[in-house]
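# Close look at the chain arrangement
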Amino acid sequence: MAEQKGNISIHAQNIMPIIKRWLYSDKDIFIREMVSNGCDAITKEKMLLPDDPCDYRVTVTLDAKAGELRFNDNGIGMTDEEVKKYINQVAFSGAEEFLKKYEGDNKGGIIGHFGLGFYSAFMVADKVTIHTLSGAKDAQPVRWISEDGMSFIMEAGDRTERGTEITLHISEEEKEFLDEYRVREILKRYCGFMATPVYFDVIKEVPEVKAEEETTTENKDEESKTEEAAPAEPKGPELINSTAALWLKNPKECTPEEYKTFYHDVFHTYEDPLFYVHLNVDYPFNLKGILYFPKLTNDFGTREGEIKLFSGQVFVADNIKEVIPEFLMLLKGVIDCPDLPLNVSRSFLQNDGYVKKLSAYITRKVADKLTGLFNTERENYQTYWDDIHPFVKYGCMRDAKFFEQVKDTLLFKTTKGNYVTLSEYLSKNEGKLGKKVVYTSDPTRQTASITLYDAEDIDVVVMDALIDLNFLSFIEYSAGIDDLKFARVDADSDTFSKEETEEEKKQSEEKAKTLTELFTAATANKDLTVKLTALKDASLPAMLVQDEQGRRFSEMGKIYGQSFQMPERCTLVLNTDNSIVQSVMNGEDGEKRNLMAAQLYDLARMSTRPLEKEEVTAFLNRSNKLLEMLCK
Ligand code: ADP
Ligand code: MG
């Protein structure tokens with residue numbers, strides 16, 4: 001074959017600088033593109049010769065001394081006509097087409113995973129060489145060289161084995177791609193599950209001094225000899241994709257052990273997942289994958305998930321939120337959609353009907369898994385609940401369809417450690433509470449208030465996760481139950497009050513007005529309101545309650561960084577049947593009465609939360625004074 005020179009495309013001059021700039025942050029994809037081209041070539045060869053016992057493989061060789069990365073495959077190879085067609089025309093026209101399509105799109109709008117393929121080599125190389133020999137009858141080896149991605153030289157080559165080797169001479173600015181660890185990491189990430197074995201071979205320089213030493217130390221004993229020779233010994237090619245793509249296997253044939261091991265390998269953890277969903281459909285779209293529910297790693301109900309998106313076993317990216325519903329990002333897993341149009345911008349994906357269907361399907365499968373567990377393995381499901389509830393709740397608030405599917409499987413954990421659904425809670429406690437659900441946001445600090453409900457045999461549910469404050473309001477609004485209300489253990493004293501006649505109520509209100517003055521002065525809390533009522537338990541002098549809605553509002557404000565502190569608008573409920581209260585109500589003005597009022601207030605406060613530092617000091621001093629008075 002006579003040497004040929006040529007220009008790749010008249011427009012290529014314009015493409016190169018722009019592509020280089022655009023792809024800046026995603027440069028490492030060139031490795032994936034080179035390896036996947038090798039795999040494709042092998043797949044094609046296998047189709048031509050299905051029974052060929054060839055040891056098919058792609059080998060990536062790092063030769064840092066030569067400044068080269070080489071991608072070798074024993075696939076179909078290319079004839080000179082094919083190089084002209086597929087490399088000079090197709091590969092480069094692909095790049096040109098890409099440019100036309102996304103002209104004007106800003107970099108952030110590009111997914112960074114388009115089929116730029118072969119051309120991506122020029123992002124990092126200042127010289128690209130193809131050595132190829134086609135398996136076709138009488139084919140001659142071809143060498144193709146391009147230094148700039150714009151012009152090329154093609155000549156007769158000397159390759160003797162069928163297949164292709166692409167050599168990238170890495171440019172000065174991109175030396176990081178000659179670093180062994182960097183290249184291995186990229187290979188593992190992108191090529192870890194490819195269908196063809198991919199090997200990584202690092203050519204190590206043999207230090208010259210060592211080599212000399214070796215020849216002169218022949219009479220050293222065996223042990224020290226091997227020790228000294230060790231660093232120079234080549235390791236040999238290392239298999240990159242040693243873990244099989246479990247998601248492609250028929251779910252019926254996968255064992256729990258396999259799912260676990262796969263999870264450990266892929267996510268580099270020793271933890272076991274709680275359970276998993278294996279997605280496997282061919283129609284109406286091709287989607288395979290495994291989603292794992294991980295254990296919670298901290299108390300805050302938040303966690304970082306990780307969902308790896310593959311396209312035909314080739315890794316594309318982590319956590320592409322356009323394809324995977326955002327709330328599912330709390331899970332860990334792999335999703336493989338070979339037909340996904342990934343070579344497009346993200347804004348396109350967002351509006352794509354196909355992607356929407358995919359995402360809806362994934363959500364439905366996850367919901368199916370939850371309802372399935374709830375219906376058939378309630379006990380197990382309950383043991384998972386502490387770990388999965390933030391995810392499920394978040395999902396409900398984000399996705400109405402998901403909520404619709406899982407709403408009957410939502411559990412509430414009681415302070416006694418039982419797990420009940422909303423309807424189970426209501427049917428058990430409705431006689432005493434109506435459509436009210438009593439909850440605690442902090443079982444330790446609110447323990448005294450919880451005890452009051454325990455005495456009435458009323459369940460208190462624990463809502464102490466970060467998400468719960470929002471979730472309460474969401475459920476009240478969305479559960480479709482009229483008058484459904486969540487009330488914290490200290491939200492009111494209704495459950496503990498005796499029935500009162502209208503007349504009694506009126507009298508109490510009158511008296512409460514004067515007592516409010518006394519208590520606001522004695523406690524130095526000018527926002528305090530006093531209410532008089534007869535509590536069922538005469539021994540309980542007072543309760544401090546805080547209106548549910550107002551409190552939630554101010555808590556929301558705190559979460560969202562409101563700068564001013566809302567005043568604690570509390571109501572002190574005084575038990576008119578209690579002798580201490582009666583003594584304060586009917587007592588004379590004076591120090592003793594003030595001290596008693598303040599003491600009652602603190603005692604009530606202590607059942608809703610522990611006192612703060614200064615409050616404790618005041619409480620102790622006052623207690624001492626009251627005891628002194630008793631002694632007189
Ligand atoms: P794509 O892989 O999407 O077709 P590429 O730009 O990656 O686009 O490659 C262009 C074409 O070049 C391929 O379709 C293939 O025909 C040819 N090619 C590239 N690399 C190889 C290879 N290692 N062996 C055989 N053919 C190859
Ligand atoms: Mg390709």
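Residues numbered from 1 in each chain as written. Chains lettered and ligands numbered in written order. Predicted model: local features only at pLDDT ≥ 70, side-chain atom pairs only at ≥ 80, totals over all residues. Heavy atoms only, no water.

Here we come to the overall build of the protein. Secondary structure summary: the protein contains 19 helices and 22 strands in total. Out of the 632 residues belonging to the protein, those deemed buried represent 49%. Within the protein, contacts between residues at least 6 apart in sequence are counted, and of these 73% link residues at least 24 apart. Summed over its atoms, the accessible surface of the protein is roughly 32300 Å², and 51% of this surface lies on carbon and sulfur atoms. (Helix = DSSP H or I, 4+ residues; strand = E, 2+ residues; numbered from the N terminus. Buried < 20%, exposed > 50% of the residue type's maximum accessible area, 1.4 Å probe, protein only. Contact = heavy atoms within 4.5 Å. Areas by Shrake-Rupley, 256 points an atom, 1.4 Å probe, with all protein chains shown as cover.)

Next up on the list: the packing of aromatic side chains. Following the criterion strictly, the structure yields 30 aromatic pairs and no others. When the centroid spacing of 5.6 Å and the interplanar angle of 80° are considered together, the rings of phenylalanine 193 and phenylalanine 310 count as edge-to-face. Of this pair, phenylalanine 193 sits in the loop between α4 (180-191) and β8 (198-202) while phenylalanine 310 sits in strand β12 (residues 306-311), placing them 117 residues apart in sequence. The burial state of phenylalanine 193 is the same as that of phenylalanine 310; both residues are buried. Geometrically, the ring pair formed by tyrosine 276 and tyrosine 292 is edge-to-face, given 5.8 Å between the ring centres and 70° between the ring planes. With tyrosine 276 in strand β10 (residues 275-281) and tyrosine 292 in strand β11 (residues 287-293), this residue pair connects regions lying 16 residues apart in the sequence. Members of the aromatic cluster, connected to one another through ring pairs, are Tyr190, Phe193, Trp247, Phe262, Phe310 and Phe315. (Phe/Tyr/Trp six-rings, centres within 6.5 Å; stacked < 30°, edge-to-face > 60°.)

Moving on, we come to the confidence of the model for the protein. It should be kept in mind that the predicted coordinates are not to be read in detail where pLDDT is low. Looking at the protein, pLDDT values average 85 and 84% of them are 70 or higher. Note that residues 105-114 has pLDDT below 50 and, in this model, 32 contacts with residues that lie over four places away or in other chains. Note on residues 222-229: pLDDT is under 50 here. Beyond four places in sequence and across chains, it has 5 contacts. (pLDDT = per-residue confidence, 0-100.)

Right, let's get into empty space enclosed by the protein. Applying the stated rule across the entire model yields 4 cavities of 30 Å³ or more. Considering only enclosed or pocket space, the largest cavity measures out at about 60 Å³ in volume. In terms of lining residues, the largest cavity is bounded by Arg184, Phe200, Val202, Lys204, Lys235, Gly236 and Glu238. When grouped by side-chain class, the residues that make up the lining of the largest cavity number 2 nonpolar, 1 polar and 4 charged. (1 Å grid on protein atoms, 1.4 Å probe; cavity = no way out; pocket = protein on both sides within 12 Å on 5 of 7 lines; lining within 4 Å. Points joined across faces, edges and corners; volume = space filled by probe spheres on them. Nonpolar A, V, L, I, M, F, W, Y, C, P; charged D, E, K, R; others polar.)

With respect to the element layout, leucine 620 can be found in helix α19 (residues 613-631). On the accessibility criterion, leucine 620 (47% relative accessible area) is partly exposed. For the pair leucine 620 and glutamine 599, spaced 21 residues apart in sequence, the C-alpha to C-alpha distance is 9.9 Å.

In this section: the sheet that holds strand β13 (residues 314-318). Here we have 5 strands laid out as an open sheet, ordered β10-β11-β14-β12-β13, and mixed in their pairing. Each edge of the open sheet is held by one strand with a lone partner, namely β10 and β13. For this sheet the average axis-to-axis angle between neighbouring strands, irrespective of direction, equals 15°. Strand direction decides the pairing type here: β11 and strand β14 (residues 332-336), joined by 5 bridges, are antiparallel. Within the sheet, the bridge partner assigned to lysine 288 lies in β14 and is aspartate 336. (Pairing = 2+ DSSP bridges. Axes fitted to C-alpha atoms, helices over the stretch in contact; angles between N-to-C directions.)

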